[in-house]
Structure formats: structure tokens, C-alpha cells
Amino acid sequence: MTKLNCSVLAFVLCLVTLVGTAQAREQKSRYVTLAYSDRNVLREFNDNLRLNRSLSYSMRKKNVVTSADEVLAKADIIIEKVQVVLDMFPNKYHIRLVIVPDSSDVARIYKRKYGKRVNHIAYYSLSEKTIYVSADDVSLRVLAHEVGHSVVDFYFKVRPPYNIHELMAQFAEKHVTD
Ligand SMILES: [Zn+2]
């Protein structure tokens, strides 16, 4: 290989690395690190996650260019609302939001981690501080419920009993639209 070819190759490799890095880059907002399998899944999630009127009002202050920006902005608004509803404002709250195509993907991830078969459309992993959610099934209430679990998780130093955890998540789900 000539010296010229070699440097061209190095340049191409460098470009490939840069592009690869850009795609793998995690997108973050104040409260959320976002992960998704592809753009179509992200778009479907964004379409299904419709805010109500009063929450939409908060979107006007956000600087939104891409679908990812919009999803992150909506997630932050929902998180702030759930914190108000629960009257819990934990320090250092930050979660991962993993968007998968449908409920079979949620079930697959759950089975791999816990060895149990479930038909959840979403769940919050306490150990990973991560919400897994199906783009197909998401709605404001679905996401508010899982955010409720995460806020409760970050707020309490001693984890409340499971039924109380669930009650508070249901409360967040019910009142996010108030
Ligand atoms: Zn729950």
C-alpha cells in the first residue's frame, strides 16, 4: 500500500469512527438519558405520547428541533408534574429511558433479567434506575406511572413496601392530567 492510500484509509477509518460515535451518543436532558433502537421507534413513541393541554403549555418554553429533543422535553415536563403531584422532589434525580418497539421487547428484557415471563408494556428497574417502555403502547398515563415509581425510588432512603410503591405510582398516573 502506498503512503497516500494509507493516509486516505486512516482518514476514512477516522470518519467511520466519528459517525459511529455520533449514532451511539446518548441524548440527555435535565432528568433523562434517552436510548432507543431506531428513529422510527422514537417517532412512534413521540406520536403516542400526547401531553394534555396544560402540560403542552410548558412545551412552548422548550427548544425543540428533533424528535429526540421533543421526547426529552416531554419526559422532563412529565417528571416535574409527577414530582408536584407526589410532593416529592428528590435530589440528584436522573433516570434512563429505554424505548423499545413493542411489549414483546419489554417482556424479553424482563425475562432476561428476572427470568420471569410478564406482559408488561413498561416497567421501572429499581436496580438500573431505568424505565423500559413499549413505543407501541406508551401514553401519558403509562409513562407517568413508571415515572411515579422512579420518583418514589429516588425520594425514599428506605424503600417502601411494594404495595405502597404501587399505590403511589397509581396516584401519579391518575393525577398527572390534573
Ligand atoms: Zn406499577
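Look up: the structure comes first, before these words.
Residues numbered from 1 in each chain as written. Predicted model: local features only at pLDDT ≥ 70, side-chain atom pairs only at ≥ 80, totals over all residues.

Caption draft 1: How the structure looks around the pairing of strand β4 (residues 122-125). Burial along β4 is two-sided: the residues Ala122 and Tyr124 and Tyr123 and Ser125 are all buried. Looking at chain direction, β4 and strand β5 (residues 130-134) are connected through 4 bridges and run antiparallel. By the bridge assignment for β5, Tyr124 is matched with Ile131. As consecutive antiparallel partners, β4 and β5 are separated by 4 residues, and within that stretch Lys129 has a phi angle of approximately 50°, a positive value. (Buried ≥ 20, exposed ≤ 12 C-beta atoms within 10 Å, placed from the backbone. Helix = DSSP H or I, 4+ residues; strand = E, 2+ residues; numbered from the N terminus. Pairing = 2+ DSSP bridges.)

Caption draft 2: View of the pairing of strand β3 (residues 95-100). Counting buried positions along β3 gives 5 out of 6 residues, so the element sits mostly inside the fold. Of the pairings in the sheet, the one linking β3 to β5 comprises 5 bridges and is parallel in character. Its bridge partner lying in β5, Val100 is registered against Ser134.

Caption draft 3: View of the nonpolar core. If you look at the biggest cluster of nonpolar residues, it comprises 40 residues, and the most contacted ones within it are Ile78, Val82 and Ile99. Apart from residues no more than four positions distant in its own chain, Val82 is found in contact with Ala144, Val147, Gly148, Val151, Ala172 and Val176. (Core = buried A, V, L, I, M, F, W, Y, C linked by C-beta atoms within 7 Å. Contact = placed C-beta atoms within 7 Å.)

Caption draft 4: Quick peek at the packing of helix α4 (residues 67-86) against helix α7 (residues 162-175). Two numbers describe how α4 lies on α7: the axes approach to 9 Å, and their chain directions differ by 115°. When the axes of α4 and α7 are compared, the pair comes out roughly perpendicular. The handedness of the crossing between α4 and α7 comes out as right-handed. In contact with Val82, Val85 and Leu86 of α4, α7 contributes Met168, Phe171, Ala172 and His175. (Axes fitted to C-alpha atoms, helices over the stretch in contact; angles between N-to-C directions. Parallel < 35°, antiparallel > 145°, perpendicular 65-115°, else oblique. Left-handed = near helix turned anticlockwise from the far one by under 90°.)

Caption draft 5: Highlighting helix α5 (residues 103-114). Compared with the 16 Å implied by 1.5 Å per residue over 12 residues, the 16 Å span of α5 between its first and last C-alpha is a close match. Of the residues trailing α5, Gly115 is marked for its positive phi of about 70°. (Expected span 1.5 Å × (residues − 1).)

Caption draft 6: Inspection of α7 at higher detail. Between its first and last C-alpha, α7 extends 20 Å over 14 residues, near the 20 Å set by a 1.5 Å rise per residue. Those residues of α7 that fall on the buried side of the exposure criterion are Met168, Ala169, Ala172 and Glu173. Buried residues along α7 cover an arc of 145° about the axis, so they all sit on one side. Set apart from the buried face of α7 by more than 90 degrees, the exposed residues are Asn163 and Ile164. Its buried side turned inward, α7 meets α4 and α6 (140-155). (Arc of directions from axis to C-beta.)

Caption draft 7: Broad picture of the environment of Ser58. One can find Ser58 in helix α3 (residues 53-59). The sequence separation of Ser58 and Lys74 amounts to 16 residues, and the corresponding C-alpha distance is 8.9 Å.

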